Every structure is written in structure tokens, then in C-alpha cells.
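# Structural overview
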Amino acid sequence: MQLHVDYVEYEPIQPEAGIYEEAERKIHRIEEALLLLTSIEKDDDRLLAVKAMDDAAAFMEKLKIPRLVIYPYAHLSTDLAPPTHAMEIFNAMKERARTLGLNFHAAPFGWNKRLVISVKGHPLAEQLKSYTAEAAARSSEEVPQALLLEEKLESYWHVLTPGGEMIPVEKFDFSGHENLEAFAKYEMQKSRAVLEQPPHVSLMKRLEIADHEPASDPGNVRWYAKGRLIKSLLEEYVTKKVIEYGGIELETPIMYDMEHPALRKYLHKFPARQYVIPTEDKKYFLRFAACFGQFLIARDMQLSYRHLPLWLYELTRYSFRREKSGELAGLKRLRAFTMPDVHALCKDLEQAKEEMKRRLKLSLEVMEGIGFDRDYLEMAIRFTKDFYEENKDFIFELVRIFGKPVLAEMWSERYFYFVLKWEFNFVDCQRKAAALSTDQIDVENARSYGITYVNESGEEAYPIILHCSPSGAIERVIYALLEKAELVRMRGGKPMLSTWLSPTQVRIIPVRSKYIPDCIELIEEFERNRIRVDVDDRDETVDKRIRDAETEWIPYIVVYGEREKKSGILSVRIRAEDRIEFMKPEDLITRIREETKDKPFKELPLPKLLSRRPSFR
RNA sequence: GCCCCGGUAGCUCAGCGGGUAGAGCGGCGGCCUCGUAAGCCGCAGGCCGCGGGUUCAAAGCCCGCCCGGGGCUCCA
């Protein structure tokens, strides 16, 4: 029985049977909720629990009901399940509610309870819902059917495990892999639960990272000083890593002739998604990837098998895709974005497979350096059936390198220019997925662009080309970093960026204005050690300035007064550990240098004194 | 692109069964000189997204457009 209530109030009086949950004998009152008075019947299973919770979540979404109350209520059925089984199903409901991110309350099972409810007066407020095992079984079988109808080409969804198994996605046990499950759902059913603005959008504004530029086309962003700093550090980091792995950095034009023979075919194969720039005599399109420029260069190069594999790299600022207006979202999906793109020309498939493994490792390193270890990433591998049949070992090798179960999509035939692609996906606060790193095996474009090399027998041959972005679009990386910080906050932690990406790494707060000169002297020592430091010399209370530094997510906050001046020991508020430690300046410097080693450094492009620093909004 | 929600002070938002606009934060000024998450007082600041319509009267109602967000779709 589903009731939309103004409030529900209950008080556990006494356990009714031997099997009951722990409960406090006090009055529990919950305001403004969807109350589910629930009976579990003999044949009910966990699938039903999931279905019931999904329906409840959808209903709550529709009616904007903020919370859910799961209330064991035996009196709705004459065919009750035994208590142990019933409790198991209730637990499955709670688990599902938690997975869905619902704000819910569960009344204890097995108690005699005093109950007061106030049901709202609207037509949808009272509904009897009944779920039976047969119906659930039927609907779960319908999933692949519906997918087949929906997809233009047949695709088959599986989960690949590091142990070498290929399990149909509906048979895979996702417990312990909730993010992968959310990602799989997102991919397959396109089911989306949440309606609010994504958290990273207000964060990017509040932290003065970026904002929309109303005078531009939607999906074009303005970057403030701190955002520009973060973005350029990420750009530098990815570039550094690619070059370490042997990438050759190039720069190519952002616009191309629409009638150029090599580009025409590629361009016309896809729906018009590009910005077009008309001039007196010709039309140009803005590039939507680095492929064009790099391929046109590769076509003109004198290549032999001895040069291969050859990595060509460019970080495009920008690539342009004129996504439909409804598809744009914060920093997640833009019309102008910064894309590191590294191609590998390989002499044959064997070499391509070897290179792809190296690039997968590169991507994992890059993502980890940025702050996404494997817990935050879900991998998808998509391939044609033919490719799978001939390269099973290779595909499972990729899964093993990743080290977690992977979502696999198999196509019955090749539709795109690639036979295999993989990506890393980040699952955000709204349980939506966004692709970050990716790599593809392209078997078509060498031919269409006329890219050739001379092989061992002195013949011209077409290379296989890999297309990899080790991080994905930089804007999207920042979206993911902000969403990750919000996930941390939701779990009760302190949101922050890694030290190397924090615009201010150390903030010094003089207790009184007379210590400002000492603080300015102190920052020079930090600056000599390539640490971004500033001084909050504003005429505000210490408390206020600490609060401001905290809301800016500054990793190290130093309060400087008489004690510090006398002792030379700093009191350092360490955000990551949520505590204060007393340490010498050189120890703090060592700590930060350790945390930021192997990462790029840039100066803070803002006044060092907060009193001189304008707000961008 | 379609559907839904929103756009009011620099920011976040209240006001919206029509009668001419408010708060908090921020800014500026004054007091306070402060030891680990918001000190006190005062002042300034508004073509209520833009255009049209209805009305004696529009921030509010109607139509169109622009921008943002969400859903669908899409994501080479």
C-alpha cells in the first residue's frame, strides 16, 4: 500500500515474534514522505524488491516527494512469507533504496507498533501496488528484446571478467560492482533517475572555475583565473605523459575546407554537427577532433615499417561539435572542448594490439595521476562479433590490465570505422555516466586519407590507426573532479582537489595586521619551492578568513601570530586529514613537494594578497 | 530538435489569485585588532532576461524569442 503522507508517526511497542530487528522504543515521526506499507508474500524475491523500489523512486521523482518510509505491514496479505525470508526481502529493498540514493527510513520488522498517518488529499496519494514473481521474470526477459528493437544495429551486452569469463549482462551478479551496474543501466536502458542540476555546475561557479558565456554560442565556456590554472595544469600533465610514452606533438589548423576530397566522405557520413564558416568563396568547418590535421600530415610523410609504431599527438584547443541544445550539460558536454588526441600508426593488427595495451596503461596512469583510481572508473569495450571471435585473448588481456569486470558491447557487423573501442566511464552524483579516456582500432581511415607506409617487402601498405584520448576532454575531466568531490562530501568527507591542482596550495592568515609583513616574508620561502601560496590580509576576523579558505577547498591553512613568530613553528590546518598539525615551514614544504612531485607546476595567476584580489562574480 | 522547470540587486533566492520590489551574502564606509568555519552598525545597489499583447494599472496574466537546467533523443 503506497501512501503519500503529510507525516507518519510510529512507536515500537514490543516484538511480535522470535525474529525481529533492533529498534528504539520511542516515537518516530517522519514528515512529507512516501509511505510503503509492505507485506512480503511467499514467492516474493529480491528482483521484486528492486522493481518496487525503482517504481517508488520514479513516483517520488514525479511528485517531488523528498523521502521514503519502508514500513513492514503484515496485514495486507493472507499468504505471508516466513519472517526470515521477509526480512531478507526488506533488506533487499533497503539496499536498492540506498543504491538509488533515496532518502529513506525503514521501520523495524517484527514489532507491534502504534501507527498514526496523515494521508494527503490528492488523487495519487493512495495506491495499492502488487508485485508478483511471474511479472518480474517476464519484464526482466523483455529487456534484451526491447534493446534489439531500439538499436539500429544488433548489439549484445555482456560483462567480461578479469578471470576470462563472458557473462550476459542480465546474468551477472553486480553486488560489489554497483558503479558498473549504474553504468550498464545508463548504457543499455538509458534510464535516468535524477532531475536536479548536476552539482558540478554550481561548484564551477562558486569556486570561480568557469561559467557559461551568454554572449557566445551555448556550450562555449569562459574560464576564470582559477579554472584556467586548473585546466592548463591538466593539459600540461596529459601532454607530458604522452610525450614520455613517445608521442610526437603537433599543431594543426582548427578549420578545414568542406569540399576537400579526403575530408568530404568522413564529413558527409555523419549528421551535420559542425560549425560552418562561410567565406567569400568557400565554406570551412571547425574540426571536431584532431584526426583531420594529423591524418593530412601523416599522408604527406615518408613512412617505412621501421618508423612504426608512430604516435602523433595534439591537444586541441578547441575541438568543436555543435551538439543539439538539449544535449549540453555544464562542463560535461560542450560545443567547444579541449581534447588530447594521440594517434598511433601501426604496421599491422599485431602491432596495433601491442600498442593498445601500452596506451591502456598510459590512460590508467594519467587517470590515476589526475585523481581517478579504478574505484572511480568503469570500463566498456565494444567490438564487432568477428573481431571478438578472432581476438578473444587480446580482449581479455585488456580486461585483465584494467583489473575489474568490464561492460562489453558486441555488434553483429561493423558500422563505424573501428573494429574495437574501449572507454573509461565516470559515474557521477546523479548516477549518470560520462566517457573519459578512450582508444579505438581504426581499419578504414588510412585508406580514405591515403596514408601509407613501405613494408618489409618494399610494398606500400595501409597502417592501422589507433585513436586515443588518455584523459578525454579536459573540461569533462574537471566536471568529473568536481562531481567526485561532491561524492566525497555526500559521504561526509571534505571535498577538495589534489594539491597539485589546487589554485592556492597554502593560505596564510595573519592573526593581526601587524603580522602581514612576516607573512609576506614567509610566502617567499614557499614560492622559492614552487608552491602556490597567498596571504589573507583582509580586515576580517580569523574565523571568517578560515571559513573562506575552507570554502575555497585550500589544502593547507596556516594561522600566523605571536606564537609562530616566536617559535618558527607553523600551525597548519590540513584539509585532507581534517586536523591541525604543528610543523616547521620546511616540513610543510617537503610534504607538499612530495604530494606534487612528477606533476606540473604553474604560478598562481592572481594577486598574492587577498585584499587586492577581485571576485569574478 | 521536442517536452517540462527556471531567469527578480554582483551572487543565492523570496515576492507572482495584477496596485509599481525584499532578504541574506558580496561591495563600500565606520567601529572592533581578533588564535582555527560567518563580529557589530550603516550606506549604495534593480528597464523583475528581451520583445509584443491584455488591462485604468503587469515582475506577476497571454504570445514569441534568448539564456540556463532537467527528460526524450543524441554522443563519429
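Let me begin by describing the structure that accompanies this report. This one's a predicted model, so the numbers in the text were calculated from it and none came from an experiment.

Here is what the cut-offs are and how they apply
Residues numbered from 1 in each chain as written. Chains lettered and ligands numbered in written order. Predicted model: local features only at pLDDT ≥ 70, side-chain atom pairs only at ≥ 80, totals over all residues. Heavy atoms only, no water. Helix = DSSP H or I, 4+ residues; strand = E, 2+ residues; numbered from the N terminus. Buried < 20%, exposed > 50% of the residue type's maximum accessible area, 1.4 Å probe, protein only. Contact = heavy atoms within 4.5 Å. Areas by Shrake-Rupley, 256 points an atom, 1.4 Å probe, with all protein chains shown as cover. Axes fitted to C-alpha atoms, helices over the stretch in contact; angles between N-to-C directions. Parallel < 35°, antiparallel > 145°, perpendicular 65-115°, else oblique. Left-handed = near helix turned anticlockwise from the far one by under 90°. Pairing = 2+ DSSP bridges. Polar contact = N/O pair within 3.5 Å; in protein donor to acceptor, adjacent residues only side chain to side chain. Expected span 1.5 Å × (residues − 1). 1 Å grid on protein atoms, 1.4 Å probe; cavity = no way out; pocket = protein on both sides within 12 Å on 5 of 7 lines; lining within 4 Å. Points joined across faces, edges and corners; volume = space filled by probe spheres on them. Salt bridge = Lys/Arg side-chain N within 4 Å of Asp/Glu carboxyl O. Phe/Tyr/Trp six-rings, centres within 6.5 Å; stacked < 30°, edge-to-face > 60°. Patch = residues over 30% accessible without salt bridge, like charges linked within 9 Å, V, L, I, M, F, W, Y side chains within 5 Å.

As a further point, take the overall build of chain A. A tally of helices and strands in chain A yields 17 helices and 28 strands. For chain A, the residues scored as buried account for 53% of the 617 residues in total. Contacts in chain A between residues at least 24 apart in sequence constitute 75% of all its contacts with a sequence separation of at least 6. Accessible area of chain A: about 29000 Å², with a carbon and sulfur share of 49%.

At the junction of Leu308 and Pro309, the peptide bond is cis and its omega measures out at 0 degrees in the coordinates. Tracing the chain through its elements places Pro309 in the loop between α8 (291-300) and β15 (310-320). Between Arg317 and the following residue, Tyr318, the backbone shows a cis peptide bond with an omega angle of 10 degrees. Relative to the helices and strands, Tyr318 is located in strand β15.

Moving on to the packing of helix α6 (residues 225-244) against helix α13 (residues 474-490). Taken N-terminus to C-terminus, the directions of α6 and α13 make an angle of 115 degrees; their axes are 10 Å apart at the nearest point. It follows from the interaxial angle that α6 and α13 lie roughly perpendicular. Between α6 and α13 the crossing geometry is right-handed. From α6, Ile230, Lys231, Leu234, Glu235 and Val238 reach across to α13, where they touch Ile474, Glu475, Val477, Ile478 and Leu481.

Note that Leu229 resides in helix α6. A relative accessible area of 4% means that Leu229 is categorised as buried. Remark: the alpha-carbon pair of Leu229 and Ser502, spanning 273 residues in sequence, is separated by 8.9 Å.

In this section: the pairing of β15. β15 sits mainly inside the fold: nine of its 11 residues count as buried. The pairing of strand β11 (residues 248-249) with β15 spans two bridges and is classified as parallel. The residue of β15 that forms the bridge with Glu249 is Tyr313. Bridge count for β15 against strand β16 (residues 336-346) is 10 bridges, and the pairing is antiparallel. For Arg317, the partnering residue across the bridge sits in β16 and is Thr338.

Quick look at the environment of Asp341 now. If you trace the backbone, Asp341 turns up in strand β16. Residues Asp341 and Cys291, spaced 50 residues apart in sequence, show a C-alpha to C-alpha distance of 8.0 Å. Setting aside chain neighbours within four positions, we find Asp341 in contact with Ala289, Ala290, Cys291, Gln294, Leu312, Tyr313, Glu314 and Cys468. Within polar-contact distance, the side chain of Asp341 engages the backbone nitrogen of Ala290 at 3.3 Å.

For the rest of this paragraph, the subject is helix α9 (residues 349-370). Helix length check: α9 (22 residues) gives 31 Å between terminal C-alpha atoms against 32 Å at 1.5 Å per residue, within 8%. One side-chain oxygen at the N-terminal end of α9 lies 3.3 Å from the backbone nitrogen of Glu350; it belongs to Asp348. Following α9 by one or two positions, Gly371 has its phi on the positive side, about 125 degrees.

Okay, empty space enclosed by the protein next. A water-sized probe, rolled over the atoms, reveals where empty space remains. A complete count under the given rule lists two cavities of 30 Å³ or more for this structure. Looking at the largest cavity, its volume works out to about 120 Å³. In this structure, the largest cavity is lined by Leu207, Ile209, Lys226, Ile230, Leu497, Ser502, Pro503, Thr504, Glu552, Trp553 and Ile554.

Attention shifts here to the sheet that holds strand β14 (residues 283-286). Pairing in this open sheet of three strands is antiparallel, and the strands run β12-β14-β13 from one edge to the other. Edge positions in the sheet fall to β12 (255-257) and β13 (276-278), since each of these pairs with one other strand and no more. Taking the axes of each pair of neighbouring strands and ignoring which way they run, one obtains an average angle of 35 degrees across the sheet. Pairing analysis gives three bridges linking β12 to β14, with the strands arranged antiparallel. In the sheet register, Met255 faces β14, and the bridge partner there is Leu286.

Counted according to the given criterion, the structure contains 46 salt bridges. Notably, a salt bridge pairs Glu550 with Arg575, separated by 2.6 Å at the nearest N-O pair. Pair noted here: Glu550 is in helix α15 (residues 542-551) and Arg575 is in the loop between β27 (570-574) and β28 (579-583), with a separation of 25 residues, a long-range link. By the burial criterion, Glu550 is buried, and Arg575 matches it.

Right, let's get into the packing of aromatic side chains. The tally for this structure, following the rule as stated, stands at 24 aromatic pairs. Ring geometry for Phe295 versus Tyr449: centroids 5.0 Å apart, planes at 80 degrees, classification edge-to-face. Of this pair, Phe295 sits in helix α8 while Tyr449 sits in helix α12 (residues 445-449); the two residues are 154 residues apart in sequence, bridging distant segments of the chain. Each member of the pair, Phe295 as well as Tyr449, is classed as buried. Geometrically, the ring pair formed by Phe426 and Tyr479 is edge-to-face, given 6.1 Å between the ring centres and 85 degrees between the ring planes.

The next subject is the pairing of strand β19 (residues 418-427). Looking along a regular strand, one sees side chains alternate from face to face of the sheet. Counted residue by residue, β19 has 10 buried out of 10 residues, so it is predominantly covered. Across seven bridges, the pairing between strand β17 (residues 377-384) and β19 is antiparallel. Bridge pairing links Ala380 to Glu423 in β19. Linking β19 back to strand β20 (residues 433-442) in an antiparallel pair, the connection comprises five residues, with Arg431 at a positive phi of about 65 degrees.

The next subject is a nonpolar patch on the surface. Taken together, the side chains of Ile569, Ile580 and Phe582 define a hydrophobic patch exposed on the protein surface, amounting to about 280 Å² of accessible area. With respect to the helices, strands and loops of the structure, Ile569 is situated in the loop between α16 (562-567) and β27.

Now for the sheet that holds β28. Strand order across the open sheet formed by five strands is β25-β24-β26-β27-β28, with mixed pairing between neighbours. In the strand order of this sheet, the two ends are held by β25 (533-535) and β28, each with one partner. Mean inter-strand twist for the sheet, computed between neighbouring axes without regard to direction, equals 25 degrees. Where strand β24 (residues 506-510) lies against strand β26 (residues 556-560), five bridges are found, and the strand directions are parallel. Note that in β26 the partner of Val506 across the bridge is Tyr556. Across the face of the sheet, helix α14 (residues 516-528) comes into contact with β24, β25, β26 and β27 while running at roughly 165 degrees to β24. Against the sheet, α15 touches β24, β26 and β27, its axis set at about 165 degrees to β26.

Interpretation in functional terms is not warranted from these geometric data alone.
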